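Understanding the architecture of this molecule
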Amino acid sequence: MNAERYDIIIIGTGAGGGTMLHKLAPCGKRILVLERGTFLPRERENWDQREVFTNARYQTREAWLDSNGAEFSPYTHYWVGGNTKVYGAALLRLRESDFGAVRHYGGLSPAWPISYDDLEPYYAQAERLYSVHGAAGTDPTEPRRSGPYPFGPVEYEPRMREISDGFAAQGLRPFPCALGVRLSSDRPGPAPAHVLSNFDGYPDLTETKSDSDVVCVRPSLQHANVTLITGAFVERLGTTQDGRSVSEVHAIIEGQRRVFSGEIVVVACGAVNSAALLLRSASDRHPAGLANKSGLVGRNYMCHNNGAVIAITDVPNPSHFQKAFAIADFYHGADDSKLPLGLIQLMGKPDEAFLESVARPHLPDVPAGRLWTRTVDFFITSEDLPDPENRVMITSSGRIQLRYRENNREAYDRLRSKLISYFDHIGCSSGRCVHTAAYVGPKLGISGVSHQNGTLRFGQDPAASVLDINCKAHEIDNLYVADSSFFPSSGAVNPSLTIMANALRVGDVILDRIGARFAIK
């Protein structure tokens, strides 16, 4: 079968692939984008709780296997824009300390082969591209910035202001969470009032959320040199006879097998699927999987210690959009902990069915609808550490198996206790303590793959990493990776902005290589 030829092939359109496309599109080279999903429809069901969460309308129907071979449904989404179509758009930078070696309860988090300063200009570019709103100087652990946020913080709703003030009265320093949103008020001239509402986990019917489809992919399609093929599952990559370059991209499109070739191939399928693709691409030259001489392809999978902490209180919470602030006071430790704990942030309102399932054992006689109007909902994140036994594998039948055993759990448990102890005392200095009937909400299990990273780590040593510092495979001359696979450690902030910033950095490397460097205006 003859290969259809392009200059550059990008596989995937999420935070990494979509951003990479935006960077490369103006260069004039023929770019092919292969996306497993289609465009997510704008429809009434986008904001229907039952459809989005109970029926998992937009989540993949694909089942993966856990360590024991049991099936589970991964919380992942195959659409143009990838998981950014339903992410919460919290776009935070890693701290400067995250780029060095850090001691944790669970062991040592390794240093990165680049510094924060290497990535800082690209963080700034990514914040402009994704219209990030925030307030510089309010985050006590904020890394050095070359300039302010592109836009000021999203305004707090009254109840969220009360909660923030209640934490501040106890000595904490809550700060406006950095959010990627494209508000009408950001543009010059009169702007209609806009109320943010359904966000975390929901597709955005209004397209206010800064996802990679709306921000990057669709504008890039205005360039005549860009071709997007949706519904394209990339089965494997083939190499030249010497095994040094990718020469063929084998895809299944509408049930038909097609083969493409490109001078440069960029893999951006997400940490799990990118590793799976390289493992499926085993050949005589690469018997353990493509670019896997180190044996590290698929290993060191991380996903954070993430969980929900939902406070059910006696005070109504009428907020439409409570994703207002974050607390980083415990990021590097606490008064009773010399080791890091992590990040606390508000999250979007959970759906009623989920709330009922986690609250019923604690409050069996309270109707779910009444509970839902009285919750304040937090999302907490502690770092998990790279472990070579936490890994992506491919079974003999070609299925994805995710082997994962949690680590650094003590940090997560301590962080949860800190949040509860401070929330218990909100308003007490004024004699108006908030009575909390229960704290509910689970730690995410193996299906919680939204923060997946680390399966194709980058580094200087080919024996200890899959990619070089420019995210090119050590063994393959024309293969780059532009998703969260490259992380050698996970930090404790949402990974999206770091994925976007690194895609812009690697995009410059590719543009230099082809002699066509363009700056994002």
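That block above? That's the structure.
Here is a short report on the structure shown in this document. Model, not experiment: these values are computed from the prediction.

Rules used in this analysis
Residues numbered from 1 in each chain as written. Predicted model: local features only at pLDDT ≥ 70, side-chain atom pairs only at ≥ 80, totals over all residues. Heavy atoms only, no water. Helix = DSSP H or I, 4+ residues; strand = E, 2+ residues; numbered from the N terminus. Buried < 20%, exposed > 50% of the residue type's maximum accessible area, 1.4 Å probe, protein only. Contact = heavy atoms within 4.5 Å. Areas by Shrake-Rupley, 256 points an atom, 1.4 Å probe, with all protein chains shown as cover. Axes fitted to C-alpha atoms, helices over the stretch in contact; angles between N-to-C directions. Left-handed = near helix turned anticlockwise from the far one by under 90°. Nonpolar A, V, L, I, M, F, W, Y, C, P; charged D, E, K, R; others polar. Expected span 1.5 Å × (residues − 1). Pairing = 2+ DSSP bridges.

1. Re the overall build of the protein
Tallying secondary structure elements over the protein gives 10 helices and 21 strands in all. In terms of principal-axis extent, the alpha carbons of the protein reach across some 75 × 55 × 45 Å. For the protein, the proportion of its 521 residues judged to be buried stands at 60%. The contacts in the protein between residues at least 6 apart in sequence include a share of 73% that link residues at least 24 apart. Accessible area for the protein stands at about 20,300 Å²; split by element, carbon and sulfur atoms hold 49% of it.

2. Considering the packing of helix α1 (residues 15–24) against helix α10 (residues 496–514)
It is at 8 Å that the axes of α1 and α10 come closest, and there the two elements cross at 40 degrees. The way α1 lies across α10 gives a crossing that is right-handed. Along the contact surface, α1 presents Ala15, Gly16, Thr19, Met20, Lys23 and Leu24, while α10 presents Ser496, Ile499, Met500, Ala503, Leu504, Val506, Gly507, Asp508, Ile510 and Leu511. Split into classes, the residues belonging to the contact of α1 with α10 amount to 10 nonpolar, four polar and two charged.

3. Thoughts on helix α3 (residues 116–129)
Compared with an ideal rise of 1.5 Å per residue, which puts 14 residues at 20 Å, α3 spans 19 Å between its outermost C-alpha atoms and is within 8% of the ideal. For α3, a buried count of 10 out of 14 residues is recorded, marking the element as mostly surrounded by other parts of the structure. Among the structural elements, α1, β7 (132–133), α5 (212–220) and α10 are those in contact with the buried residues of α3. Serine 131 sits one or two positions beyond α3 and adopts a positive phi of about 50 degrees.

4. Details of the pairing of strand β12 (residues 246–253)
Across seven bridges, strand β11 (residues 232–239) lies against β12 in antiparallel orientation. Note on β12: the bridge partner recorded for arginine 236 is histidine 250. Linking β11 to β12, which pair antiparallel, is a turn of six residues; within it glycine 243 sits at a positive phi near 75 degrees. Bridging between β12 and strand β13 (residues 256–267) involves five bridges; their strand directions are antiparallel. Bridged to histidine 250 within β13 is valine 259. Here β12 folds back onto β13 in antiparallel fashion, the turn holding two residues, of which glutamate 254 has a positive phi close to 50 degrees.

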